[in-house]
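Per-entry structural report
Below, each chain spelled out in residue letters.
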Amino acid sequence: MNYDSINTPTIINACGTVTRLGGAPIRQSALDAYRSASDYSVSIEQLHASASTRLAELSGAQAGLITSGAAAALTLGTAAILAGYDAAKMDALPHADEFANEMIIAREHRSGYDHAIRAAGARLVEVGLNEQISGAGVRRVETWEYEAAINENTAGIVYVIQNSSRPALSEIITLAKQHDLPIIADAAGELPPHDNFKKLATCGVDLVAFSGGKVIGGPQATGILLGDKDLIASSALQMLDMDDHPQLWDPPASLINKSKLTGMPRHGLGRGMKVAKEEVLAVLAALEEFLNENPEDLHSNCMDILRQIESSISDCGIILSYQDNGPASIPRLLIDVAEAGMDAFDVCRNLRNQSTPIYINHGLLDDGLLMIHPVALRQRDIEPLVAGLRSALVS
Ligand SMILES: *Cc1c(COP(=O)(O)O)cnc(C)c1O
């Protein structure tokens, strides 16, 4: 079976690690681990417990859980914040009206991914404004606004981590500790920089979510949730299959503290977000390789791909520039089609409609820029990519 045999055309992905286009290439080490995992059966509880121990060693967090994506990690982590070790609350979710269910989030942190938080049953309470929409507005969301929103229904705080996020995460951590509230942080795409994995796991947030299928290079449908032992236990319980006798059920103590449970939970909110044993080993293999790689090597491989493309289209009369902050992030190549009198949306559409469809990063189309993001480009893609770009740019 391959893509041809079911008539699915393959494409060239110059867009990046986006899920719509299948994410980043899986590392060979992850494919090998996937294959070896499929040769045996294991107890999935035991596997998650062992994975948690390994994730703790790699990150410095108390515990960790492999999930079916960062979005699933956000849903499971929120379910854990709402229910803790309480089996009846786990059973009630996503209906959370009977207990504290408000998660505070800045208006400017909201995105389509906050549906993952709401899916657990939490109600988002927005703070802050978008002052920048008014011409003279300069202010961003401020910490006092979070504090003013805290009441007895507050369950926790959601924080989306980006370099430009405000208020400073450290201020929100201090505030949350004062009020004994957990923070769940979305850092899905915040790798590289490579050292963010440890930094964000130990910065003082209670839970942090990463994608396994972005630059880590694990299977696309994997994610990693790191953090507090009890919250990870609750997240795991709400994902695991629970078809066992209460008299026999003996979960690994390193993952689940059975003595804290009010009873044996049934299938939880996250039962539909299960992770295959193969995916657990595969993403761990990818993660270890990612953490061991020299950030300079990833950066220089990416620059090498971009330079090949740049030098092959530099005679097209279009202004080209690099967006490059060194090994702390993935470099990109910008193609200024507006300056050359073209409509960036038309060029982008034209590229998608070519016989081998080419997907360019469309994040800066409003500025008239096409962006080449190199992480999902294979060497074999460069020649057809350059041919496609030349025909779109010169016509
Ligand atoms: C990619 C992304 C997600 C979702 O990650 P998945 O692993 O695809 O579930 C969530 N939040 C942000 C900010 C992301 O960039």
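Quick look at the structure, then. Just so you know, these numbers come straight off a predicted model, no measurement behind them.

Quick look at the overall build of the protein
Tallying secondary structure elements over the protein gives 13 helices and 12 strands in all. For a compact globule of 395 residues, the expected C-alpha radius of gyration is about 21 Å, and the protein comes in at 23 Å, within 12% of that figure. Along the longest, intermediate and shortest principal axes, the C-alpha atoms of the protein span 70 × 60 × 35 Å. The 395 residues of the protein split such that 51% are buried. When contacts within the protein are restricted to residue pairs at least 6 apart in sequence, long-range pairs at least 24 apart make up 69% of them. Across the protein, the 30 positively charged side chains and the 49 negatively charged ones have centroids separated by 2 Å.

A closer look at empty space enclosed by the protein
The full count for this structure, using the stated rule, is one cavity of 30 Å³ or more. Taken together, Leu74, Ile105, His109, Ser111, Tyr113, Asp114, Ile117, Val158, Val160 and Asp186 form the lining of the largest cavity. Here the lining of the largest cavity is built from residues that sort into six nonpolar, two polar and two charged.

Some remarks on the layout of surface pockets
In this structure, the largest pocket encloses a volume near 1,400 Å³. Taken together, 48 residues line the largest pocket, and the ones lying closest to its centre are Gln162, Ala188, Gly189, Glu190 and Lys214. Here the lining of the largest pocket gets three residues from one element, more than from any other, and that element is helix α3 (residues 70-83). Residue contributions to the lining of the largest pocket reach at least three from each of two domains, namely domain 1 (4-19 + 294-394) and domain 2 (41-292).

Here's the deal with the pairing of strand β8 (residues 223-227)
Across the five residues that make up β8, a large majority, five, are buried. Going residue by residue along β8, you find Gly223, Leu225 and Gly227 tucked away on one face and Ile224 and Leu226 tucked away on the opposite face as well. Two elements, strand β2 (residues 63-67) and β8, share five bridges in a ladder whose sense is antiparallel. Bridge pairing in β8 links Ile66 to Ile224. Across five bridges, the pairing between strand β7 (residues 207-211) and β8 is antiparallel. Residue pairing for β8: Ser211 is matched across the bridge by Gly223.

Some thoughts on the sheet that holds strand β10 (residues 332-336)
Pairing is antiparallel across the open sheet formed by three strands, whose spatial order is β9-β10-β12. Each edge of the open sheet carries a strand with a single partner, namely β9 (319-323) and β12 (369-372). Strand-to-strand, the axes of this sheet are offset by a mean angle of 25°, without reference to chain direction. Sheet analysis places β10 next to β12, joined by four bridges and oriented antiparallel. When the bridges of β12 are listed, Asp336 appears paired with Leu369. Set on the sheet, helix α11 (residues 295-313) makes contact with β9, β10 and β12; between it and β9 the angle comes to about 175°.

Here we look at the packing of α11 against helix α13 (residues 379-394)
For the pair α11 and α13, interaxial distance at closest approach is 10 Å and the crossing angle is 35°. Relative to α13, α11 is oriented so that their crossing is right-handed. In this structure, α11 uses Ile305, Gln308, Ile309, Ser312 and Ile313 to contact α13, whose residues at the interface are Gln379, Ile382, Leu385, Val386, Leu389, Arg390 and Leu393. Class assignment of the residues belonging to the contact of α11 with α13 gives a composition of eight nonpolar, three polar and one charged.

Examining the pattern of salt bridges
Here the structure, examined in full by the defined rule, presents 17 salt bridges. Close ionic contact of Asp114 with Arg110 constitutes a salt bridge, the shortest N to O distance being 2.7 Å. Since its relative accessible area comes to 32%, Arg110 is described here as partly exposed. Residues joined in a network through salt bridges with shared partners are Arg107, Arg110, Asp114, Arg118 and Glu126.

What counts, and at which threshold
Residues numbered from 1 in each chain as written. Predicted model: local features only at pLDDT ≥ 70, side-chain atom pairs only at ≥ 80, totals over all residues. Heavy atoms only, no water. Helix = DSSP H or I, 4+ residues; strand = E, 2+ residues; numbered from the N terminus. Rg over C-alpha atoms; globule rule 2.2 N^0.38 Å. Buried < 20%, exposed > 50% of the residue type's maximum accessible area, 1.4 Å probe, protein only. Contact = heavy atoms within 4.5 Å. Lys, Arg positive; Asp, Glu negative; His and termini not counted. Charge placed at Lys NZ, Arg CZ, Asp CG, Glu CD. 1 Å grid on protein atoms, 1.4 Å probe; cavity = no way out; pocket = protein on both sides within 12 Å on 5 of 7 lines; lining within 4 Å. Points joined across faces, edges and corners; volume = space filled by probe spheres on them. Nonpolar A, V, L, I, M, F, W, Y, C, P; charged D, E, K, R; others polar. Domains from an automatic or database assignment. Pairing = 2+ DSSP bridges. Axes fitted to C-alpha atoms, helices over the stretch in contact; angles between N-to-C directions. Left-handed = near helix turned anticlockwise from the far one by under 90°. Salt bridge = Lys/Arg side-chain N within 4 Å of Asp/Glu carboxyl O.

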